[in-house]
Amino acid sequence: MNLPELGWTERERQLFEPYRAEGLLPARVAVAYGATFRVYLEDEETLADVPGRMRHEAQSRRDLPAVGDWVAVQWPSRQERATIQHILPRTSLFSRKVAGQETTEQILAANVNVAFLVAGLDRDFSIRRLERYLAMTWESGARPVIVLNKADLADDLETCRAEVAGIAGGVPVHTISSKLGSGIEELFPYLQLGTTVALLGSSGVGKSTLINRLVGQERQLTRDVREKDSRGRHTTTHRELVPLPGGALLIDTPGMRELQLWTADEGVKEAFDDVAALAEGCYFRDCAHDTEPKCAVKAAVEDGRLAPDRLESYRKIQAELRHLATRQDALAQQTEKKQTRTVHRAVRRMPSKR
Ligand code: GDP
Ligand code: ZN
């Protein structure tokens, strides 16, 4: 693939200029295998490592490459792996907290321009889930597009559509059936050269079926390509950056397909801008819209201007975010301690002046 087919635009060209002057090459991260990455360069690809310096200086996972990142690589010998020297500033970033004792952030994909939020119009349809995916996407910096799949199974298509319009806040909504292939063409305008897209949605909503439609053949065939490596052996290459017929690039990683947990703060405000606007009228600045007196949000529920479900899911999400923030604070304190120790050690190691 050439650079424009990899999603390279004028923005990247400008950001890359200083690195070009250093003799580095532009590449896009296609697969992450822990500390090693498969990167695509103009009409070439290679494995690439991250130098120790970058790993040590990284304050968080965000300072390390992720699938979708534009990077500047050094690649002096085609017989050897490349080295990733710099990561270009991102336009968007999807991440999730990893469940466990410590809250760690897992970076799932960078530089997604358009996120198709796929929901199924069958019995599993949940407007609340869609709200969460919207919040998550606003938080990431990507542009959301709602895709209501399984139109052929909808009991009451118009009611569903009206419900979605009520929370979409201007985000485009498309109704399709991946199985029948109807409505797919409505998505084509988003799939132009230079655009990077990803599909988000719960398991079973039809993401794989839709991807096969968009790719134009079974994704499995394009996903694992048998190739000869540099020594002539047959190897199977797993692909997570998939070119689509319109010229767009699809980021399809297992993590993105399964993305369900999320952290969103700004995102929640945008996805719930109706609640946020009402909250301006609350008597208490930090009103939780629960038992507080003179609460404008509860008043709106009482006189029917705001759906009780909507307030309920807003409060649930707020509670989750507060819980997460507490854990992140604890983690930040630990990291700070660790850094202070590192600095002390480095100072001890410095040669004393004579
Ligand atoms: P994923 O888990 O989101 O990747 O979902 P899949 O693509 O695997 O689809 C889950 C199930 O839904 C499969 O049995 C599909 O055949 C079915 N499915 C997907 N899209 C449609 C659709 O538009 N209509 C109907 N009736 N079934 C669909
Ligand atoms: Zn209130």
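Residues numbered from 1 in each chain as written. Chains lettered and ligands numbered in written order. Predicted model: local features only at pLDDT ≥ 70, side-chain atom pairs only at ≥ 80, totals over all residues. Heavy atoms only, no water.

Engineer: I keep staring at the coordination of the zinc ion (ligand 2) and nothing clicks. Help me out?
Structural biologist: Six octahedral donors around a metal ideally subtend angles of 90 or 180 degrees, whereas four tetrahedral donors ideally subtend 109.5 degrees. Those donors, Cys282 (SG), Cys287 (SG), His289 (ND1) and Cys295 (SG), are the protein atoms that reach the zinc ion (ligand 2), and they lie 2.1 to 2.4 Å from it. Classification of the site at the zinc ion (ligand 2) as tetrahedral follows from its 4 donor atoms and the range of 103 to 116° in their angles at the metal. Expressed as a motif, the donor residue spacing for the zinc ion (ligand 2) is C-x4-C-x1-H-x5-C. Given the relative accessible area of 10%, Cys287 is considered buried. Residue class for Cys295 comes out buried when judged on its relative accessible area of 8%. (Donors = N, O, S within 2.8 Å, 3.2 Å for Na, K, Ca; no water. Tetrahedral: all angles 85-135°; square planar, octahedral: opposite > 155°, others 65-115°. Buried < 20%, exposed > 50% of the residue type's maximum accessible area, 1.4 Å probe, protein only.)

Engineer: I would appreciate a short explanation of the environment of Trp70 in the present structure.
Structural biologist: Here Trp70 lies in strand E4 (residues 70-74). Given a relative accessible area of 3%, Trp70 falls into the buried group. Non-local contacts of Trp70, meaning those with residues more than four positions away in its chain, are made with Leu3, Leu6, Gly7, Trp8, Glu12, Ala27, Arg28, His86, Ile87, Leu88 and Asn111. (Helix = DSSP H or I, 4+ residues; strand = E, 2+ residues; numbered from the N terminus. Contact = heavy atoms within 4.5 Å.)

Engineer: Any chance you could explain the sheet that holds strand E9 (residues 143-149) here in plain terms?
Structural biologist: The pairing of strands in a sheet happens through backbone hydrogen bonds and is either parallel or antiparallel. Across the sheet, which stays open at both edges, the 6 strands sit in the order E10-E9-E8-E11-E15-E14 with mixed pairing between neighbours. Each of the sheet's edge strands pairs with one partner strand only, and the pair in question is strand E10 (173-175) and strand E14 (241-243). Direction aside, the axes of adjacent strands within the sheet are offset by 30° on average. Sheet topology places E14 next to strand E15 (residues 249-251); 3 bridges connect them, and they run antiparallel. Each residue of the ladder has a partner; that of Val242, found in E15, is Leu250. Contacts from helix H5 (residues 207-215) reach strand E8 (114-120), E9, strand E11 (196-200), E14 and E15, with the element oriented near 155° to E11. (Pairing = 2+ DSSP bridges. Axes fitted to C-alpha atoms, helices over the stretch in contact; angles between N-to-C directions.)

Engineer: Help me out: how do you make sense of the site of ligand 1 in this one?
Structural biologist: Near ligand 1 lie 15 residues; those nearest to it are Asp152, Gly204, Lys207, Ser208 and Thr209. Here an oxygen atom of ligand 1 sits 2.6 Å away from a polar atom, N or O, in the side chain of Thr209. Computed on the free molecule, ligand 1 has an accessible area of 580 Å², of which 73% lies beneath the protein chains in the complex. Ranked by residue count, the leading element in the shell around ligand 1 is H5, at 3 residues. By residue class, the composition of the shell around ligand 1 is 2 nonpolar, 9 polar and 4 charged. (Near = heavy atom within 4 Å. Polar contact = N/O pair within 3.5 Å; in protein donor to acceptor, adjacent residues only side chain to side chain. Areas by Shrake-Rupley, 256 points an atom, 1.4 Å probe, with all protein chains shown as cover. Nonpolar A, V, L, I, M, F, W, Y, C, P; charged D, E, K, R; others polar.)

Engineer: What's the story with the pattern of salt bridges in this structure? I'm lost.
Structural biologist: Pairs can form between side chains of opposite charge once their charged atoms are near each other. For the coordinates displayed, the defined rule picks out 15 salt bridges. Of the charged contacts, one joins Arg38 and Glu45 as a salt bridge, the two residues approaching to 2.7 Å between their closest N and O atoms. A relative accessible area of 16% means that Arg38 is categorised as buried. Glu45 gets classed as partly exposed once you look at its relative accessible area, which sits at 27%. Close ionic contact of Arg305 with Asp303 constitutes a salt bridge, the shortest N to O distance being 3.0 Å. With a relative accessible area of 55%, Arg305 lands in the exposed category. What you see here is one network of salt bridges that share partners, running through Arg128, Glu131, Asp274 and Arg310. (Salt bridge = Lys/Arg side-chain N within 4 Å of Asp/Glu carboxyl O.)

Engineer: Quick question: what am I supposed to make of helix H3 (residues 127-140) here?
Structural biologist: Spacing of three or four residues puts side chains on the same side of an α-helix, whose turn is 3.6 residues. For H3, built from 14 residues, the straight-helix expectation of 20 Å at 1.5 Å per residue is met to within 8% by its first-to-last C-alpha distance of 20 Å. Its side-chain oxygen at 3.3 Å from the backbone nitrogen of Arg128, Ser126 defines the N-terminal cap of H3. Phi turns positive, to about 100°, at Gly141, one or two residues after H3. (Expected span 1.5 Å × (residues − 1).)

Engineer: For this particular structure, what's the right way to read empty space enclosed by the protein?
Structural biologist: One way to see where empty space is left: roll a probe the size of a water molecule over the atoms. All told, the structure shown has 1 cavity of 30 Å³ or more when counted by the stated rule. By volume, the largest cavity amounts to about 80 Å³. Taken together, Val118, Ala119, Gly120, Asp124, Phe125, Ser126, Arg129, Leu130, Tyr133, Gly201, Ser202 and Val205 form the lining of the largest cavity. When contributions to the lining of the largest cavity are tallied by element, the ones reaching two or more residues are E8 and H3. Its residues assigned to classes, the lining of the largest cavity comprises 6 nonpolar, 4 polar and 2 charged. (1 Å grid on protein atoms, 1.4 Å probe; cavity = no way out; pocket = protein on both sides within 12 Å on 5 of 7 lines; lining within 4 Å. Points joined across faces, edges and corners; volume = space filled by probe spheres on them.)

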